[in-house]
Amino acid sequence: STQSTWGLEFVGRAAEGVELKAIATYSGGVESGSIYQWFRVENRKEIPLNVDPSSHIYIPIGADVGHQIKVVYTPVREDGMRGDKRSTVSKVVEPCPPQLKHLVIDGQLAEGCSVRVVAEYCGGQEGRSRVRWYRENNGRKELIPDANDSRSYVIKPEDVGSKIGVEYTPVSLDGREGIASTYFTDTIGAGHPQIINISLQGPCRELTTLTLAFDFVGGRPGNHIIQWYRLTGKQRTPIPTSNPMSYVCRNGDIGSIISVHVVPVREDGTQGEARIVESQPISAGPPTILSMNLRCRSGFIEGDVVSVEPQYCGGREGATIVQWFRSDERGQNWNIIPDLPTTRSRNLTHEDVGKKIRCTVTPVRDDGVQGTPTSRETDFIQKS
């Protein structure tokens, strides 16, 4: 006889996550290898579903919610002969209550690493599900508030030795809320000591401060090994520093590059790979008088010699200008003393007695750039 199908129907509720069975009434010999083709009916289009053609069972997923499921059944006899196809269509698939089928935290469990929540949701279209991150140590659970509702988390130093957990409350698009699920990792390891985000901050100029900045990951920090160098051509010269985190550029650094080598060290002494950061070439600063004094052997007395001692910086010094002035008897009005503009000392004469002497120094770089003048003055000159 010819094989045939007298009936085809669904058994089971058309709902997300619930088994939907296609039951066919077969006759015509021994059935073997009958074929089931499954489709999602969406906007009058039949979209094939990835189901084993021998399976008469299909479990609707979230994408099926709001649509119908169609099955096409082809009866096959044991000798391979096929009968007429029959089909049936389900009711519209309903969403199940919001729930999680699977929840895990994925990623490397070490400080500085980023981990993420992997959740398999069902219950219609997912809305704004709530995610809460926790840190657990010795049975004590602590909320990590700055990570709320984020699907990823960067493990912090304070997480080392603890477990990281997530509480996931599924919420559907229409606001239905399901039962929260939780998942906790194994204990977080310290990871290998590392220096990240290393930089030198500050202008690369004479007399300015370069500040070393970096982040450490890999447990609790110990005493990192930090060495500053001056790179001039192929020559590398160590620079001694009282503060390993900063350095004030000097005149001798002009045209060179400042380099810093940092070896990360954990508190247990474990060392990581060295990191190197380099500055741009150091440029000359503006011509500047850092400090200046007027000196006299005998205390500013007629016949003695007064000299000026300016400390210059700002690149290579050029023809710095020195000017001398004499006040009136009241020490107020000043007149220039016609000496050479670079003379840094002069004899005190009888004309200076009862008056003050002022010296003004204008720093000049070798390229002719002038800086801000600096002045110093004496007390009233005494008669010898």
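Residues numbered from 1 in each chain as written. Predicted model: local features only at pLDDT ≥ 70, side-chain atom pairs only at ≥ 80, totals over all residues. Heavy atoms only, no water.

K.L.:
Honestly, the overall build of the protein in this entry has me stumped. Any pointers?
P.N.:
Within the protein one finds zero helices and 28 strands. Taking 2.2 N^0.38 as the reference for a compact globule, 384 residues should give roughly 21 Å; the C-alpha atoms of the protein span a radius of gyration of 43 Å, well beyond that estimate. When the 384 residues of the protein are sorted by exposure, 40% land in the buried category. Expressed as a percentage of contacts within the protein between residues at least 6 apart in sequence, the contacts between residues at least 24 apart total 60%. Carbon and sulfur atoms make up 46% of the accessible area of the protein, which totals about 21,400 Å². Between the mean site of the 44 positive side-chain charges and the mean site of the 46 negative ones, the protein shows a separation of 3 Å. (Helix = DSSP H or I, 4+ residues; strand = E, 2+ residues; numbered from the N terminus. Rg over C-alpha atoms; globule rule 2.2 N^0.38 Å. Buried < 20%, exposed > 50% of the residue type's maximum accessible area, 1.4 Å probe, protein only. Contact = heavy atoms within 4.5 Å. Areas by Shrake-Rupley, 256 points an atom, 1.4 Å probe, with all protein chains shown as cover. Lys, Arg positive; Asp, Glu negative; His and termini not counted. Charge placed at Lys NZ, Arg CZ, Asp CG, Glu CD.)

K.L.:
Got a minute to help me understand the side chain of Ser256 in this structure?
P.N.:
Here Ser256 lies in the loop between β19 (246-248) and β20 (257-263). By relative accessible area, Ser256 is classed as buried at 3%. At 2.7 Å, the side chain of Ser256 forms a polar contact with the side chain of Thr232. Dropping the residues within four chain positions of it, Ser256 is found in contact with Arg230, Leu231, Thr232, Gln280, Pro281 and Ile282. (Polar contact = N/O pair within 3.5 Å; in protein donor to acceptor, adjacent residues only side chain to side chain.)

K.L.:
Looking at this structure, I do not really get the environment of Glu329. What am I missing?
P.N.:
When you line up the elements, Glu329 lands in the loop between β24 (321-327) and β25 (334-337). Counting along the chain gives 27 residues from Glu329 to Lys356, while the straight-line C-alpha distance between them is 8.0 Å. Excluding anything up to four places from it in sequence, Glu329 contacts Gly354, Lys355 and Phe380.

K.L.:
How should the sheet that holds strand β10 (residues 130-137) be read in this particular structure?
P.N.:
Paired through backbone hydrogen bonds, the strands of a sheet run either parallel or antiparallel to each other. Here we have four strands laid out as an open sheet, ordered β11-β10-β13-β14, and antiparallel in their pairing. Here the strands that pair on one side only, and so sit at the sheet edges, are β11 (140-143) and β14 (181-187). The average angle at which neighbouring strand axes cross in this sheet is 25 degrees, direction not considered. Bridge count between strand β13 (residues 163-169) and β14: five bridges; the pairing is antiparallel. Residue pairing in the sheet places Lys163 in a bridge with Thr187 of β14. (Pairing = 2+ DSSP bridges. Axes fitted to C-alpha atoms, helices over the stretch in contact; angles between N-to-C directions.)

K.L.:
Just checking my understanding: could you explain the nonpolar core for this structure?
P.N.:
One broad trend across soluble globular proteins is that nonpolar side chains are buried collectively. Grouped together as the largest cluster of nonpolar side chains are 17 residues, with contacts concentrated most on Leu212, Trp228, Val260 and Val262. Those elements giving two or more residues to this core turn out to be β15 (194-201), β16 (209-217), β17 (225-232) and β20. If near-sequence neighbours (up to four positions away) are discounted, Leu212 is found in contact with Ile198, Ser199, Leu200, Ile226, Trp228, Pro244, Met245, Val260, Val262 and Val277. (Core = buried A, V, L, I, M, F, W, Y, C linked by side-chain atoms within 4.5 Å.)

K.L.:
Looking at this structure, how should I read the sheet that holds strand β6 (residues 68-74)?
P.N.:
Across the sheet, which stays open at both edges, the four strands sit in the order β4-β3-β6-β7 with antiparallel pairing between neighbours. The sheet terminates laterally at β4 (45-48) and β7 (86-89), the two strands that pair on one side only. Neighbour to neighbour, the strand axes of the sheet diverge by 30 degrees on average, direction disregarded. Where strand β3 (residues 35-42) meets β6, seven bridges bridge the pair, whose relative direction is antiparallel. Bridge pairing in β6 links Trp38 to Val71.

K.L.:
So what exactly am I meant to see when it comes to the state of the cysteines here?
P.N.:
Following the criterion strictly, the structure yields zero disulfides and no others. Left without a disulfide partner, Cys204 is nearest to the cysteine sulfur of Cys249, which lies 6.7 Å away. (Disulfide = S-S within 2.5 Å.)

K.L.:
Whenever I open this one, the pairing of β16 confuses me. Can you help?
P.N.:
Looking along a regular strand, one sees the side chains alternate between the two faces of the sheet. Looking at chain direction, β15 and β16 are connected through six bridges and run antiparallel. Residue Ser199 lies in a different strand from β16, and its bridge partner there is Ala213.

K.L.:
Any chance you could explain the environment of Gln323 here in plain terms?
P.N.:
You can see Gln323 is positioned in strand β24. Considering only alpha carbons, one finds Gln323 and Thr342, 19 residues apart in sequence, at a separation of 7.6 Å.

K.L.:
Is there a simple way to explain unusual backbone geometry in this structure?
P.N.:
What is expected of a backbone is that most residues other than glycine have negative phi and most peptide bonds are trans. One non-glycine residue, Asp149, adopts positive backbone phi at about 65 degrees. Locating Asp149 in the fold gives a position in the loop between β11 and β12 (152-154). Even without a glycine there, the phi angle at Phe300 is positive, about 60 degrees.

K.L.:
For this particular structure, what's the right way to read the pattern of salt bridges?
P.N.:
Proximity of charged atoms lets side chains of opposite charge pair with each other. Applying the stated criterion across every chain, the model contains 25 salt bridges. Arg297 is paired through a salt bridge with Asp304; the nearest N and O atoms lie 3.7 Å apart. Asp366 is paired through a salt bridge with Arg316; the nearest N and O atoms lie 3.7 Å apart. With Asp366 in the loop between β27 (357-362) and β28 (374-377) and Arg316 in the loop between β23 (305-313) and β24, this pair connects stretches of sequence that are 50 residues apart. Owing to a relative accessible area of 63%, Arg316 belongs among the exposed residues under this scheme. (Salt bridge = Lys/Arg side-chain N within 4 Å of Asp/Glu carboxyl O.)

K.L.:
I would appreciate a short explanation of a nonpolar patch on the surface in the present structure.
P.N.:
Taken together, the side chains of Leu207, Val248 and Leu290 define a hydrophobic patch exposed on the protein surface, amounting to about 230 Å² of accessible area. Position of Leu207 relative to the elements: it lies in the loop between β15 and β16. Since its relative accessible area comes to 40%, Leu207 is described here as partly exposed. (Patch = residues over 30% accessible without salt bridge, like charges linked within 9 Å, V, L, I, M, F, W, Y side chains within 5 Å.)

K.L.:
When you look at the confidence of the model for the protein in this model, what are you seeing that I'm missing?
P.N.:
Close reading of the predicted structure is inappropriate where its pLDDT is low. Across the protein, the average pLDDT comes to 92, with 98% of residues at 70 or higher. Looking at the elements of the protein, mean pLDDT is at its lowest for strand β1 (residues 4-11), recorded as 76, and at its highest for β20, recorded as 98. Every residue in residues 1-5 scores below 50 in pLDDT, and together they form 21 contacts with partners more than four places removed in sequence or on other chains. (pLDDT = per-residue confidence, 0-100.)

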